[in-house]
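Tertiary structure, described
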Amino acid sequence: MRIRAFDRADTEAVVELWRAAGLVVPWNDPYRDIERKLAVQPELFLVGESGGVVIATAMVGHDGHRGWVNYLAVDETRRGERLGARLMEEAERLLTELGCPKLNLQVRSTNAGVIEFYRRLGYQVDEVASLGKRLIADASPIG
Ligand SMILES: CC(C)(COP(=O)(O)OP(=O)(O)OC[C@H]1O[C@@H](n2cnc3c(N)ncnc32)[C@H](O)[C@@H]1OP(=O)(O)O)[C@@H](O)C(=O)NCCC(=O)NCCS
């Protein structure tokens, strides 16, 4: 797998990968999420490709205090090959290079498998309540 920055030509493949991975939810329009990321640190929007096909993604960001990763996904047929781990290593490398001291992640608390994946990579569950407030309502064309 070669890791590179997202290109607009990847859009449909990426949205399909997210949809298949269960990451497209009614309250997020994936196309708008892509456009927003292209406006802010687009170089941190990573895709993994193999044989010219997009097989993994990670949307990485640094807010000046913490780093974040969203939309981590590996093609269902390629799971268990450490590709997710490799993408996270690249995310950590890029954030460290930017001087980012800590990476935060949000995982649905019911998603035990993904929590275990992150634990294996050295992440710990922070005892915090995650709060959010929607500022722009999206109506997903897919959701
Ligand atoms: C989570 C995901 C990215 C993992 O990708 P992957 O390439 O299959 O994971 P890796 O092969 O890199 O696994 C790394 C380690 O985590 C473990 N692991 C991976 N998925 C796991 C699971 N569901 N349950 C338990 N352990 C898991 C692996 O066994 C491996 O352990 P090891 O270091 O002891 O060998 C992938 O399952 C996925 O795309 N899921 C759907 C989308 C999703 O939920 N994304 C997260 C949003 S928060």
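Analysis parameters
- Residues numbered from 1 in each chain as written.
- Predicted model: local features only at pLDDT ≥ 70, side-chain atom pairs only at ≥ 80, totals over all residues.
- Heavy atoms only, no water.
- Salt bridge = Lys/Arg side-chain N within 4 Å of Asp/Glu carboxyl O.
- Helix = DSSP H or I, 4+ residues; strand = E, 2+ residues; numbered from the N terminus.
- Buried < 20%, exposed > 50% of the residue type's maximum accessible area, 1.4 Å probe, protein only.
- Phe/Tyr/Trp six-rings, centres within 6.5 Å; stacked < 30°, edge-to-face > 60°.
- Axes fitted to C-alpha atoms, helices over the stretch in contact; angles between N-to-C directions.
- Parallel < 35°, antiparallel > 145°, perpendicular 65-115°, else oblique.
- Left-handed = near helix turned anticlockwise from the far one by under 90°.
- Contact = heavy atoms within 4.5 Å.
- Nonpolar A, V, L, I, M, F, W, Y, C, P; charged D, E, K, R; others polar.
- Pairing = 2+ DSSP bridges.
- Core = buried A, V, L, I, M, F, W, Y, C linked by side-chain atoms within 4.5 Å.

A word on the pattern of salt bridges. Under the criterion given, the structure shown has 14 salt bridges. For D138, the salt bridge goes to R32, with nearest N and O atoms at 3.1 Å. Taken together, the residues span a long stretch of sequence, with D138 in the segment after α4 (112-120) and R32 in helix α2 (residues 30-39) at a distance of 106 residues. The exposure class assigned to D138 is buried, which follows from its relative accessible area of 9%. A salt bridge links R134 to D138; the shortest N-O distance between them is 3.4 Å. Beyond isolated ion pairs, a larger network of salt bridges with shared partners links R32, D33, R36, R134 and D138.

Bringing the packing of aromatic side chains into the picture now. On inspection of all chains with the given rule, the structure shows 5 aromatic pairs. On the numbers, 4.4 Å between centres and 10° between planes, the contact of F6 with F45 is stacked. You can see F6 sitting in the loop between β1 (2-5) and α1 (11-20) and its partner F45 sitting in strand β2 (residues 45-50), a full 39 residues away along the chain. By relative accessible area, which is 8% here, F6 ends up buried. The buried category is assigned to F45, whose relative accessible area is 0%.

What follows deals with the packing of α1 against α2. Interhelical geometry of α1 versus α2 gives an angle of 125° and a closest axis separation of 10 Å. Taken together, the axes of α1 and α2 lie oblique to each other. As α1 packs across α2, the resulting crossing turns out to be right-handed. Across the interface between the two elements, T11, E12, V14, V15 and W18 from α1 touch P30, Y31 and I34 from α2. Residues that form the contact of α1 with α2 fall into these classes: 6 nonpolar, 1 polar and 1 charged.

Here 5 strands make up an open sheet; going across it, the order is β1-β2-β3-β4-β5 and the pairing mixed. One side of each edge strand has no neighbouring strand; the edge strands of this open sheet are β1 and β5 (103-104). Where β1 lies against β2, 4 bridges are found, and the strand directions are antiparallel. Note on β2: the bridge partner recorded for A5 is L46.

What follows concerns the environment of G51. Among the structural elements, G51 can be located in the loop between β2 and β3 (53-62). Given the relative accessible area of 80%, G51 is considered exposed. Along the primary structure G51 and S130 are separated by 79 residues, whereas in three dimensions their C-alpha atoms are 39 Å apart.

A word on the nonpolar core. In this structure, A58, V60, V69, L72, L87, M88 and L103 are the most contacted members of the largest nonpolar core, which totals 19 residues. Listing elements by their share of this core, those giving two or more residues are β3, β4 (67-74) and α3 (83-97). Residue contacts for M88: discarding those within four places in its chain leaves V69, L72, L103, L105, F117, Y118, L121 and Y123.

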